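Residues per chain, in single letters:
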Amino acid sequence: MNPDQYHECVNDLAIGKKLPKAVYLHKSALPDIDEQLRSFALIQVSVIGLEEHDWDILKFHRDSFKLTLLSYPTFFSDAYPALKKSISIDLTKQRCKETCYQKTDNPPILHRKELMLQAESPHYEDFCLITQEGELAGLYENSKAIGFKRTWESLLESKGYVLVDGRLFRSAAVDSSETKSIDRHKTALSRDDLSTPMKSLANHGYLDGRMSVFDYGCGHGDDLRELEAHGITAQGWDPNWRPEGDKVNADLVNLGFVINVIEDIEERVDALLGAWRLTDKLLVIAAMLGTDAHISKFKAYKDGVITSRNTFQKYYSQSELQSFIEQVLEEEPIAVGPGVFYVFKDKEEEQLYLANKGRQRWQQLSQKTIRVPKAQQVLEQYSMLVQSFWERCLELGRLPAQEELDASDEIKVCLGSPKQAFKLACLKYDQDDFFRSEQQRKEELLIYFALQLFSKRRPYNSMPEQLKRDIKAFFGNYRLATEESKNLLFSLAQPDLIDQKCEKAYQSLPASILNIRHSLILHTRFIDQLPIELQLYIGCATQLYGEIEEIDLIKIHIRSGKLTLMAYDGFETQPLPMLRERIKINMRAGRIEFFDYGYGEYEPQPLYWKSKLIDDCFADCKKQLSFDQRLQEMRLLEENKNFGPVMNDLTKALKEVHGVEIRGYRFFKVDS
């Protein structure tokens, strides 16, 4: 195999951890790569006389005719294994160079191991969870600081985490030292300083000061200090660190990473029930997730394991945690993220949360000429009152009841009944706006009821008054609402219908990419503009995964019953955003697969033709269009293909062929 053939095969690898200058692959994944490249690599290993146990990772160089064999003896047992030795083979000169790291106290360490394995590997899911934990803890933000053991351990300490058997735990949960005082500045609530379940509450607007908070199992009280610094009423109790704290009722109760450290099943149930009894509105529950591969490393004890620190840990799967909560509380939990669930005690709050989830507020206020002279004086005199009434109509998609108006008494005196006020408002504002908001709200409710059927949630015995009025206004009664939503849900089983709706969406959306009869790709900003069937399709697929606020693009697979979520680094600011994470949801199999692509030092896949996926509501839309056209003129992009060269090859071609490099959205000449 000559250098050109070698580099062509390496660049075509479909699996492996791809960096700008190399692709890393575990030896167990070799059967899945091109036979010519696999045979060539194994011949080189045989020539230098290495046994299989002498190496674990193959490093295929992309910038030179070299192959490096890396020894990570603890690849499967350690979350972040250390490099023992490397053997670099210069394929041109047929020379080897061996470097040992056994005697150094600062060896290179490995991250994102799942990228080096096949998705079918029994270790793949476990490694994905390890990577997810690191991302949630903010450990991969500066990739240059995590490549060696010392800097990695220093970063863990600075972020307040410690590794226990390869999994991340907050130091307060395992450290007996005194808590350090932390200066808190009264600025906007810093979600980076909150635990995962508390971040979730903040993301959904529950930590705006309206509701009281109780942290059940608060540890050293890190979350409490952050909340109290922002004027939120927050209290906590912990059996080890705050046993003197009172257990008090609160609107919001957090049971974060508590039940997974209780070895006695009855005590675990009591903790969950105890937190539930203190809950007035919403209980958020979080627990550690783990796979069979990870659990098998430890000594079994009861229904969990004993860690190296002689502590108990119960690792759940997402579905197992959901079932446990449901069985103990006899309530239906709502997944909001991996290992995080909401359980509402206030059922009206739950219905409002579900019914308004992802809802877009209607903002258009198209004015038109007033045609009725007698109304002119009233409209001018009470202009602000009429506007506030009209905005409320657009928000609800129907006429509001008197009790749904902030200035109900004033409106009644000055404008009359809601019907009279509506008639008057229609003389100033475009009634078509109201009809559109009416249709939008009806579709939102149909999706809400259909999702309840999809998740097999029990019907509510009582409903909030607002929801009752919605049902009466849009459907007539609850039976008709359920029947219409059931028909909508069953329609998703028709691939031809999904195909038809994807084509319709492609014609009407501001931006999207349609791969005919295969998939539709769009930005999450446009979800609410999709046909109702596709909005429901996305809603069903994300029921198990949780919220998608951090996702940029969605791919709707037309015939396979799958949905792919994609998160990019720099989507809003870069001409070639880099794929950070891909999540594939298989609705038919009820399975979620995670594919992580890394930060900085790892090479994510660049997103080409971003201009096809954005419109003028994105700040750099015109710059992006010009950028993509320039790449096409250079024959580096093809109009009918949504992919292009890897970043390393693109940079090389720009410099060597065209004598330019990318800076922002522009191309600058460089010395050849």
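All values reported here derive from a predicted model rather than from experimental measurement. (Residues numbered from 1 in each chain as written. Predicted model: local features only at pLDDT ≥ 70, side-chain atom pairs only at ≥ 80, totals over all residues. Heavy atoms only, no water.)

Let's talk about the overall build of the chain
Broken down by element type, the chain carries 22 helices and 25 strands. In the chain, which comprises 672 residues, the share counted as buried stands at 51%. The contacts of the chain with a sequence gap of at least 6 include a subset with a gap of at least 24, amounting to 62%. Carbon and sulfur atoms make up 47% of the accessible area of the chain, which totals about 33,000 Å². (Helix = DSSP H or I, 4+ residues; strand = E, 2+ residues; numbered from the N terminus. Buried < 20%, exposed > 50% of the residue type's maximum accessible area, 1.4 Å probe, protein only. Contact = heavy atoms within 4.5 Å. Areas by Shrake-Rupley, 256 points an atom, 1.4 Å probe, with all protein chains shown as cover.)

Some words on the nonpolar core
Y342 and I556 are the most contacted members of the largest nonpolar core, which totals 88 residues. Leave out the neighbours within four places in its chain, and Y342 touches S200, L201, H204, Y206, L282, L283, V284, P333, I334, V336 and Y353. Counting 28 residues, the second-largest nonpolar core is a separate cluster that includes A250, A271, A275 and F341. (Core = buried A, V, L, I, M, F, W, Y, C linked by side-chain atoms within 4.5 Å.)

Points about the pairing of strand β12 (residues 279–286)
Among the 8 residues that make up β12, 6 are buried, leaving the element largely enclosed by the rest of the structure. Inspection of the sheet shows strand β11 (residues 250–256) paired to β12 by 6 bridges, in the parallel sense. Within β12, the position partnered with N254 by the bridge is V284. Crossover β11 to β12 through helix α8 (residues 265–277) is right-handed. (Pairing = 2+ DSSP bridges. Right-handed = clockwise from strand over helix to strand, strands pointing away.)

Here's the deal with the sheet that holds strand β13 (residues 299–301)
Spatially, 3 strands are ordered β13-β14-β15 in an open sheet, and the strand pairing comes out antiparallel. Of all strands in the sheet, those bounded by a partner on one side alone are β13 and β15 (312–313). Here 2 bridges tie strand β14 (residues 304–306) to β15, and the two strands are oriented antiparallel to one another. Paired with I306 across the bridge in β15 is F312.

What about the confidence of the model for the chain?
On average, the chain scores 83 in pLDDT, and the residues at 70 or more come to 90%. In the model, residues 175–192 has pLDDT below 50 throughout and makes 27 contacts with residues more than four positions away in sequence or in other chains. (pLDDT = per-residue confidence, 0-100.)

A few points about the pairing of β11
Of all 7 residues that make up β11, 7 are buried, and the element is covered over most of its length. Pairing of strand β9 (residues 213–216) with β11, which is carried by 3 bridges, proceeds in the parallel orientation. Opposite D215, over in β11, you have N254 as the bridge partner.

Looking at the packing of aromatic side chains
Taken as a whole, this structure holds 27 aromatic pairs when the rule is applied. Pairing Y301 with F312 gives two aromatic rings, centres 6.3 Å apart and planes at 70 degrees, and the pair type is edge-to-face. Of this pair, Y301 sits in strand β13 while F312 sits in strand β15, and the two are 11 residues apart along the sequence. Pairwise contacts between aromatic rings join W390, F422, Y429, F434 and F435 into one cluster. The side chain of K247 reaches across the aromatic face of W237, ending 3.9 Å from its centre. The ring of W609 is capped by K612, whose NZ or CZ atom sits 4.5 Å from the centre of that ring. (Phe/Tyr/Trp six-rings, centres within 6.5 Å; stacked < 30°, edge-to-face > 60°. Lys NZ or Arg CZ within 6 Å of the ring centre and 35° of its normal.)

Quick word on helix α15 (residues 418–425)
Those residues of α15 that fall on the buried side of the exposure criterion are P418, A421, F422, L424 and A425. Each buried residue of α15 lies within a common arc of 160 degrees when the element is viewed along its axis, so the set occupies one face. Exposed residues lying more than 90 degrees from the buried face of α15 are K419 and K423. (Arc of directions from axis to C-beta.)

Things to note about the packing of helix α16 (residues 431–454) against helix α18 (residues 478–490)
It is at 8 Å that the axes of α16 and α18 come closest, and there the two elements cross at 75 degrees. Relative to α18, α16 is oriented roughly perpendicular. Residues K442, L446, F449, A450, L453 and F454 of α16 form the contact with α18, whose participating residues are Y478, A481, T482, E484, S485, K486, L488 and L489. Split into classes, the residues belonging to the contact of α16 with α18 amount to 9 nonpolar, 2 polar and 3 charged. (Axes fitted to C-alpha atoms, helices over the stretch in contact; angles between N-to-C directions. Parallel < 35°, antiparallel > 145°, perpendicular 65-115°, else oblique. Nonpolar A, V, L, I, M, F, W, Y, C, P; charged D, E, K, R; others polar.)

With respect to unusual backbone geometry
Leaving glycine aside, a negative phi is the common case for residues, and trans is the common case for peptide bonds. Its identity as a non-glycine residue notwithstanding, R112 has a phi of 55 degrees, on the positive side. Among the secondary structure elements, R112 is positioned in the loop between β6 (95–100) and α3 (124–136). Here K302, not a glycine, exhibits a phi torsion of approximately 55 degrees, which is positive. Within the fold, K302 resides in the loop between β13 and β14.

Thoughts on the environment of G166
The topology assignment puts G166 in the loop between β7 (161–164) and β8 (167–170). For the pair G166 and H294, spaced 128 residues apart in sequence, the C-alpha to C-alpha distance is 9.2 Å. Those residues in contact with G166, other than ones at most four positions away along the chain, are A79 and I130.

Thoughts on α3
Helix length check: α3, at 13 residues, gives a terminal C-alpha distance of 19 Å against a target of 18 Å (1.5 Å per residue), a fit within 8%. For α3, the tally of buried residues reaches 11 of 13 residues, placing the bulk of the element in the interior. Those residues of α3 that fall on the buried side of the exposure criterion are Y124, D126, F127, C128, L129, I130, T131, Q132, E133, G134 and E135. Positive backbone phi, approximately 75 degrees, marks G138, located one or two places after α3. (Expected span 1.5 Å × (residues − 1).)

Comments concerning the side chain of K428
Tracing the sequence through the fold places K428 in the loop between α15 and α16. In this structure the side chain of K428 is engaged in a polar contact, spanning 3.0 Å, whose partner is the side chain of S383. (Polar contact = N/O pair within 3.5 Å; in protein donor to acceptor, adjacent residues only side chain to side chain.)

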